[in-house]
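Chain by chain, the residues:
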Amino acid sequence: MKKSVLSAMVVVLLLGLSGYASFFIAPTDAKQGLIYRILFLHVASAWTGLTSFFICFIANLLYVLRRQPRWDWLGVSAGETGLVFTTVVLLTGPIWAHPVWGIWWTWDARLTSTFVLWLLYVSYLLLRTLVEEPDRRALLSALFGIFAFIDVPLVFGSIRWWRTQHPQPIIMGAPGAGLDPTMYKVLFFTWLAMLGLMTLLLRQRYRLEAMRGDLEIIQRELEAA
């Protein structure tokens, strides 16, 4: 318990420092003004969500190969965590887009593929509520989760492969498309804080799913007795 509290305190500290850096250390963008500062939350949340979906994909793959409950628990935990961060992305994107583009939303490749990704992982979680038998539920959701991950590289590559309303990549993008060095540092520090939050949420969610799995085993044993 003390270790969990300490971890939570470290994550809160990192989030607080990243918020301070986003508002007071990173320089103001010459073209967009203050509104651009939502970039740090928006982009860091996007990277963290994709990281969580990658963990979900690996866990789903390992469950299909090994059929061990712990990989199912990790898969659903990472899927839920990734969905949280992707929801933040979909909420902060229009807030940033409206004053810059003059519109809240446009169905370009990046925005559409991200929304489809969100729908896929909502479906992944809904699927788990429709199947009662634990082993069958784990296998079906793992297979669907592997399929859903196909959209992750599409989200990542959309602004590289197609012309979009969304800004071009700031990491590994075209020459001159990057950020001010201080902005880079603040962005990566914010991502570090978000990864800490992701890890904290993932650990707690995994423990909950493990307890739920143990409870299902006990219930099946009682029914068989």
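Our structure is the block above this text.
Residues numbered from 1 in each chain as written. Predicted model: local features only at pLDDT ≥ 70, side-chain atom pairs only at ≥ 80, totals over all residues. Heavy atoms only, no water.

Novice: An account of the packing of aromatic side chains is requested, with residue identities and associated values reported.
Specialist: The relative placement of two aromatic rings is captured by the distance of their centres and the angle of their planes. All chains considered together, the criterion is met by 17 aromatic pairs. Seen from their ring centres, Phe23 and Phe24 are 6.4 Å apart, and the 50° between their planes marks the pair as tilted. This pair shows no difference in class: Phe23 is exposed, exactly as Phe24 is. Taken together, the aromatic side chains of Trp47, Tyr184, Phe188 and Trp191 make up a single cluster linked through ring pairs. (Phe/Tyr/Trp six-rings, centres within 6.5 Å; stacked < 30°, edge-to-face > 60°. Buried < 20%, exposed > 50% of the residue type's maximum accessible area, 1.4 Å probe, protein only.)

Novice: An account of helix 3 (residues 69-101) is needed here, citing residue identities and associated values.
Specialist: If you check helix 3, its first and last C-alpha atoms are 47 Å apart, about what 33 residues at 1.5 Å a residue would give, namely 48 Å. Just downstream of helix 3 lies Gly102, where phi reads positive at about 85°. (Helix = DSSP H or I, 4+ residues; strand = E, 2+ residues; numbered from the N terminus. Expected span 1.5 Å × (residues − 1).)

Novice: Now, about the environment of Leu50: what can you tell me, with residues and values included?
Specialist: Summarising the element assignment, Leu50 is placed in helix 2 (residues 38-66). Excluding residues within four positions of it along the chain, Leu50 makes contact with Leu117 and Val152. (Contact = heavy atoms within 4.5 Å.)

Novice: Now, about the nonpolar core: what can you tell me, with residues and values included?
Specialist: By size, the foremost hydrophobic cluster in this structure holds 24 residues, and its most contacted members are Phe53, Leu117, Tyr121, Tyr124 and Val152. At the level of elements, helix 2, helix 3, helix 4 (109-130), helix 5 (134-148) and helix 6 (151-161) are the ones that each hand at least two residues to this core. Here the element with the most residues in this core is helix 2; it accounts for 7 residues. If you look at the next biggest cluster of nonpolar residues, it comprises 12 residues, including Ile38, Trp96, Val186 and Leu187. (Core = buried A, V, L, I, M, F, W, Y, C linked by side-chain atoms within 4.5 Å.)

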